[in-house]
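Observations on chain architecture
Listed here are the chains, written in short residue letters.
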Amino acid sequence: MHTSDFNWALIRSFLAALDRGSLMAAARALATTQPTVGRHIAELEAQLGVLLFERTGRGLVPTEHAQRLAGPARAMAGAADQLARQASGAQQAARGTVRISASQPVTCVLLPPVLLQMRQALPDIQIELVSSNAVSNLLQREADIALRMVRPDQASLLCKRVGQVAIGAYAHRDYLRRRGTPRVPEDLFQHDLVGDDRQTDIRRGFAAMGYAVGREQFAVRTDDLNAYQAAVGAGLGVGFLPRYAARRNPDLVSLLPMLAIPPLPVWLAVHREIRSNPRIRQVWDFLAQAMPPALA
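I will try to describe carefully the structure that is included in this document. Bear in mind the structure is a predicted one, so any value in this text is a computation, not a measurement.

For the protein, the helix and strand inventory stands at 10 helices and 13 strands. Buried positions account for 43% of the 296 residues belonging to the protein. Residue pairs in contact within the protein that sit at least 24 positions apart in sequence constitute 73% of those at least 6 positions apart. Of the accessible surface of the protein, which amounts to about 15400 Å², a share of 52% is contributed by carbon and sulfur atoms.

Here it is as structure tokens:
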């Protein structure tokens, strides 16, 4: 194989399959199809003349060849990402597209009125809005700017705290008619609780208040924030919601005002190398100014 014949685009599929352990998971990460990733892996194996993965019922098992290639492949991908960031940062026109990542409640409730103001102030900039509960990896350009309730810890990211979100305990009035209203925190354990599944935020919150709570004490469990809000809104039990989102449902009743639930900070994050891009800088500055500092 001649170096000039090598298809560098296949490296991205190779690394996604290596990191995620299956073609399906790799395809989801790359926003493509499983057959496409499989075809890329097969083509890369043919070009290199080695087997990179053993296909098993449990997914993909990397061979020794894949493990040896992983380091150079990651270096190649990192160089490509850096090139893209520097090229983006060098663009001078304050027009084009900015991709913003935020959690589901933020994208569905909090951001739209802010984006309406932004569209009026910055009409030459289009917005791509990514609704994701995951901490999006700005280093890999999954987004240009992220709004997060936890501070990203990558050293190459610039972060600014732009507000905080108040959290409260809520239940549907029909649920309370059926089961009664909890008056003190200990009453919660006599009620159906809506909790998280693989995430541990709610359990850690209970622990901080001195209550050891396991997954099995949640009658309904989900890490999907829209599904969580819908479960509480349907009367499935007592849950913990951002107050700005709960107020949209007049049938939700605020409970246990003595619960000292710490507010969630709102962080704005961007990669240092692209913040100098004029359109990204304008969107960053607008969000930093327009986001409500306190949502109670």
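Let us look at the layout of surface pockets. Estimated volume of the largest pocket: approximately 1100 Å³. Elements that contribute at least two residues to the lining of the largest pocket include exactly strand 5 (145–148), helix 7 (201–208), helix 8 (225–233) and strand 10 (239–242).

Formed by 54 residues in total, the largest nonpolar core has its most connected members in Leu111 and Leu287. Setting aside its immediate chain neighbours within four residues, Leu111 contacts Ile100, Ala102, Val106, Leu129, Leu147, Leu287 and Met291.

Even without glycine at this site, Ala31 takes up a positive phi of about 60°. Position of Ala31 among the secondary structure elements: in the loop between helix 2 (23–30) and helix 3 (34–48). For Leu256, which is not a glycine, the phi torsion comes out positive at approximately 50°.

Right, let's get into the sheet that holds strand 11 (residues 252–255). With respect to topology, three strands assemble into an open sheet ordered 10-7-11, the strand pairing being antiparallel. What marks the edges here is a single partner per strand, and that holds for strand 10 and strand 11. For this sheet the average axis-to-axis angle between neighbouring strands, irrespective of direction, equals 55°. The pairing of strand 7 (residues 167–172) with strand 10 spans four bridges and is classified as antiparallel. Opposite Gly168, over in strand 10, you have Leu241 as the bridge partner. Across the sheet, helix 8 is in contact with strand 7, strand 10 and strand 11; its angle to strand 10 comes to roughly 120°.

Time to look at the packing of aromatic side chains. Any pair of aromatic rings gets described here by the distance separating the centres and the angle formed by the planes. According to the stated counting rule, one finds four aromatic pairs in the structure shown. Each ring, one from Phe189 and one from Tyr211, has its centre 5.5 Å from the other, and the planes form 55°; the classification is tilted. Of this pair, Phe189 sits in the loop between helix 6 (173–179) and strand 8 (194–195) while Tyr211 sits in the loop between helix 7 and strand 9 (220–221), placing them 22 residues apart in sequence. Given the relative accessible area of 29%, Phe189 is considered partly exposed. Ring geometry for Phe206 versus Phe240: centroids 5.6 Å apart, planes at 85°, classification edge-to-face. Here Phe206 is found in helix 7, whereas its partner Phe240 is found in strand 10, with 34 residues between them in sequence.

Another point: helix 10 (residues 278–290). Taking 1.5 Å per residue as the helical rise, helix 10 with its 13 residues ought to reach 18 Å, and the 18 Å between its terminal C-alpha atoms agrees with that figure. Where helix 10 starts, the residue carrying a side-chain oxygen 3.0 Å from the main-chain nitrogen of Arg279 turns out to be Asn277.

With that settled, the discussion passes to the pattern of salt bridges. Enumeration according to the criterion identifies 10 salt bridges in this entry. When the shortest N-O distance is used, the salt bridge between Asp174 and Arg177 registers 2.1 Å. Taken as a pair, Asp174 and Arg177 lie in helix 6 at a separation of three residues, close to a single helical turn. The class of Asp174 is partly exposed, set by a relative accessible area of 34%. Assessed through its relative accessible area of 60%, Arg177 is described here as exposed.

So, on to the packing of helix 5 (residues 104–121) against helix 10. Their axes nearest at 11 Å, the elements helix 5 and helix 10 cross at an angle of 130°. Classed by the angle they form, the pair helix 5 and helix 10 counts as oblique. In this structure, helix 5 crosses over helix 10, and the sense of that crossing is right-handed. On helix 10, the residues touching Leu111, Val114, Gln117, Met118 and Ala121 of helix 5 are Val283, Phe286, Leu287 and Ala290. Residue composition of the contact of helix 5 with helix 10, by class: eight nonpolar, one polar and no charged.

A few words on the environment of Met24. For Met24, the location among the structural elements is in helix 2. Residue classification places Met24 among the partly exposed residues on the basis of a relative accessible area of 46%.

Turning our eyes to something else, we now look at the pairing of strand 3 (residues 96–102). Judged from the seven bridges that link them, strand 3 and strand 4 (residues 125–131) form a sheet pairing that is parallel. By the bridge assignment, Arg99 is partnered in strand 4 with Glu128. Once you follow strand 3 into helix 5 and on to strand 4, the crossover reads as right-handed. By the bridge criterion, two bridges tie strand 3 to strand 5 in an arrangement that is parallel. Paired with Ile100 across the two strands is Ile145, which belongs to strand 5.

Definitions and cut-offs
- Residues numbered from 1 in each chain as written.
- Predicted model: local features only at pLDDT ≥ 70, side-chain atom pairs only at ≥ 80, totals over all residues.
- Heavy atoms only, no water.
- Helix = DSSP H or I, 4+ residues; strand = E, 2+ residues; numbered from the N terminus.
- Buried < 20%, exposed > 50% of the residue type's maximum accessible area, 1.4 Å probe, protein only.
- Contact = heavy atoms within 4.5 Å.
- Areas by Shrake-Rupley, 256 points an atom, 1.4 Å probe, with all protein chains shown as cover.
- 1 Å grid on protein atoms, 1.4 Å probe; cavity = no way out; pocket = protein on both sides within 12 Å on 5 of 7 lines; lining within 4 Å.
- Points joined across faces, edges and corners; volume = space filled by probe spheres on them.
- Core = buried A, V, L, I, M, F, W, Y, C linked by side-chain atoms within 4.5 Å.
- Pairing = 2+ DSSP bridges.
- Axes fitted to C-alpha atoms, helices over the stretch in contact; angles between N-to-C directions.
- Phe/Tyr/Trp six-rings, centres within 6.5 Å; stacked < 30°, edge-to-face > 60°.
- Expected span 1.5 Å × (residues − 1).
- Polar contact = N/O pair within 3.5 Å; in protein donor to acceptor, adjacent residues only side chain to side chain.
- Salt bridge = Lys/Arg side-chain N within 4 Å of Asp/Glu carboxyl O.
- Parallel < 35°, antiparallel > 145°, perpendicular 65-115°, else oblique.
- Left-handed = near helix turned anticlockwise from the far one by under 90°.
- Nonpolar A, V, L, I, M, F, W, Y, C, P; charged D, E, K, R; others polar.
- Right-handed = clockwise from strand over helix to strand, strands pointing away.

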